[in-house]
Amino acid sequence: MLMEQHVLEKLLDGILSGAYDLDERFLSENEIAHRLNVPRLTARRALTLLEEMGYLRTQAGKGRFINKRAESIDLSLSGAESFTEKLRDSGHSLRTISSLKEDTAMHRHARQVLGLGPEDCVLGISRLRIIDGSPAAVHESYLSEKLFPGAAEDCPRFESMFAFFRSRGYESFSSGPSFLSVSLPRIGEQEVLLCPSLVPLLVVESSTLSGDEGPTLQYSRILYRSDLFIYRAEL
């Protein structure tokens, strides 16, 4: 185990420091075994882990290559700004696929954040964010159906929640407490985001209020792939 960790760290240090050419095939099992004087099985396991962590990709018939990183993206931890508007202002392309979420434990948590009673209905909306052609984030928004009647019918057209809020007469926004955590993707999240199992997801939870003291318009939970972009956090 210590030998595998040593090999993994050695290869990872080289990738992060730019020691390997992005356009050239990465080291093979045999090359790693020879250079580091380790068994081929140890080299194979290290390469597999680097793929699962998102640092390498395999091209059929060509070998492994280092995954390129895109430029940085501003990541707002506040629930008072529109991700859609900020991203498009920065020049990135964005495509959104929206769908309704089935009732889960997150709906019950959202009901508390939204200040609703047990009899009130919560609408969950999931939006897959495809940035510059890559599935990069999932935005989950939870709304009060009482506050936004008929919102479910608008779901297929949802891109910016803030544009939707404005269409319902809300013009100024503020943010409730925001929380940042890290988790590994579950199987469903891996399938939606097309990410390996060991790529950490940044999880941002926040709420959006109308004005400074108005009603809570949404509770949001956003999952960002950590391997595609370097995010600049803005409070």
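Nothing here was measured: the structure is a model prediction, and the numbers come from that model.

Considering helix 5 (residues 105-113)
Side chains of residues three or four places apart in an α-helix project in the same direction, reflecting 3.6 residues per turn. The set of residues buried in helix 5 consists of His107, Ala110 and Arg111. The buried side chains of helix 5 occupy one side of the element, clustering within an arc of 105 degrees when seen end-on. Relative to its buried face, helix 5 has exposed residues pointing more than 90 degrees away, namely Arg108 and Gln112. Among the residues trailing helix 5, Gly115 stands out with phi positive, at a value near 70 degrees.

A short note on the nonpolar core
Grouped burial of nonpolar side chains is what soluble globular proteins tend to show. One finds Val7, Leu11, Ile15, Phe26, Ile32, Leu50 and Leu56 to be the most contacted residues of the largest nonpolar core, which totals 16 residues. Sorting the residues of this core by element identifies helix 1 (2-17) and helix 3 (40-52) as the ones contributing at least two each. Sorting elements by how many residues they give to this core places helix 1 first, with five residues. If near-sequence neighbours (up to four positions away) are discounted, Leu50 is found in contact with Leu8, Leu11, Leu12, Ile15, Tyr55 and Leu56.

Regarding the state of the cysteines
Enumeration according to the criterion identifies zero disulfides in this entry. Left unpaired, Cys121 is separated from the closest cysteine sulfur, that of Cys155, by 16 Å.

Rules behind the numbers
Residues numbered from 1 in each chain as written. Predicted model: local features only at pLDDT ≥ 70, side-chain atom pairs only at ≥ 80, totals over all residues. Heavy atoms only, no water. Buried < 20%, exposed > 50% of the residue type's maximum accessible area, 1.4 Å probe, protein only. Helix = DSSP H or I, 4+ residues; strand = E, 2+ residues; numbered from the N terminus. Arc of directions from axis to C-beta. Core = buried A, V, L, I, M, F, W, Y, C linked by side-chain atoms within 4.5 Å. Contact = heavy atoms within 4.5 Å. Disulfide = S-S within 2.5 Å.

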